[in-house]
Amino acid sequence: MKKSVFLRLTDEEFEKLESYCESRGRSKSDALRELIRSLKLKKIRQAKDEALDPIFR
């Protein structure tokens, strides 16, 4: 199932995204999906585990 996300950007952030997309011939959605897919999930999970488990502190 697909989900939608609403995102507010500053003018500067939007201009960077728009410039990036124009230079690569990609849509903003494609660029944001690419960024999300490139996130390092292992580090995110580890940080979450450490925050939830006092033994890691």
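Our subject is the structure that appears above.
Residues numbered from 1 in each chain as written. Predicted model: local features only at pLDDT ≥ 70, side-chain atom pairs only at ≥ 80, totals over all residues. Heavy atoms only, no water.

### Things to note about the overall build of the chain
Item 1. Within the chain one finds three helices and zero strands.
Item 2. Going from the N terminus to the C terminus, the chain shows its helices and strands as α-α-α.
Item 3. Within the span of the chain, comprising 57 residues, buried residues form 5% of the whole. (Helix = DSSP H or I, 4+ residues; strand = E, 2+ residues; numbered from the N terminus. Buried < 20%, exposed > 50% of the residue type's maximum accessible area, 1.4 Å probe, protein only.)

### What to know about the environment of Tyr 20
Item 1. Residue placement: Tyr 20 occurs in helix H1 (residues 11-24).
Item 2. Residue classification places Tyr 20 among the partly exposed residues on the basis of a relative accessible area of 29%.
Item 3. In contact with Tyr 20, not counting residues within four places along its chain, are Ala 31 and Glu 34. (Contact = heavy atoms within 4.5 Å.)

### So, the layout of surface pockets
Item 1. If you add up the space inside the largest pocket, you get close to 410 Å³.
Item 2. Surrounding the largest pocket, 13 residues form its lining, Val 5, Ser 29, Leu 32, Arg 33 and Ile 36 being those nearest its centre.
Item 3. For the lining of the largest pocket, the element with the most residues is helix H2 (residues 28-37), which contributes five residues.
Item 4. A breakdown of the residues in the lining of the largest pocket according to their chemical character gives seven nonpolar, two polar and four charged. (1 Å grid on protein atoms, 1.4 Å probe; cavity = no way out; pocket = protein on both sides within 12 Å on 5 of 7 lines; lining within 4 Å. Points joined across faces, edges and corners; volume = space filled by probe spheres on them. Nonpolar A, V, L, I, M, F, W, Y, C, P; charged D, E, K, R; others polar.)

### Remarks on the packing of H1 against H2
Item 1. In the contact formed by H1 and H2, the axes pass within 9 Å of each other and the chain directions differ by 100 degrees. In this view, H1 runs roughly perpendicular relative to H2, as classed from their interaxial angle. Taken together, the residues of H2 that come into contact with H1 (itself represented by Phe 14, Leu 17, Glu 18, Tyr 20 and Cys 21) are Lys 28, Ala 31, Leu 32 and Glu 34.
Item 2. Residue composition of the contact of H1 with H2, grouped by class: six nonpolar, no polar and three charged. (Axes fitted to C-alpha atoms, helices over the stretch in contact; angles between N-to-C directions. Parallel < 35°, antiparallel > 145°, perpendicular 65-115°, else oblique.)

Everything listed here is a matter of coordinates, which is why it stays silent on function.
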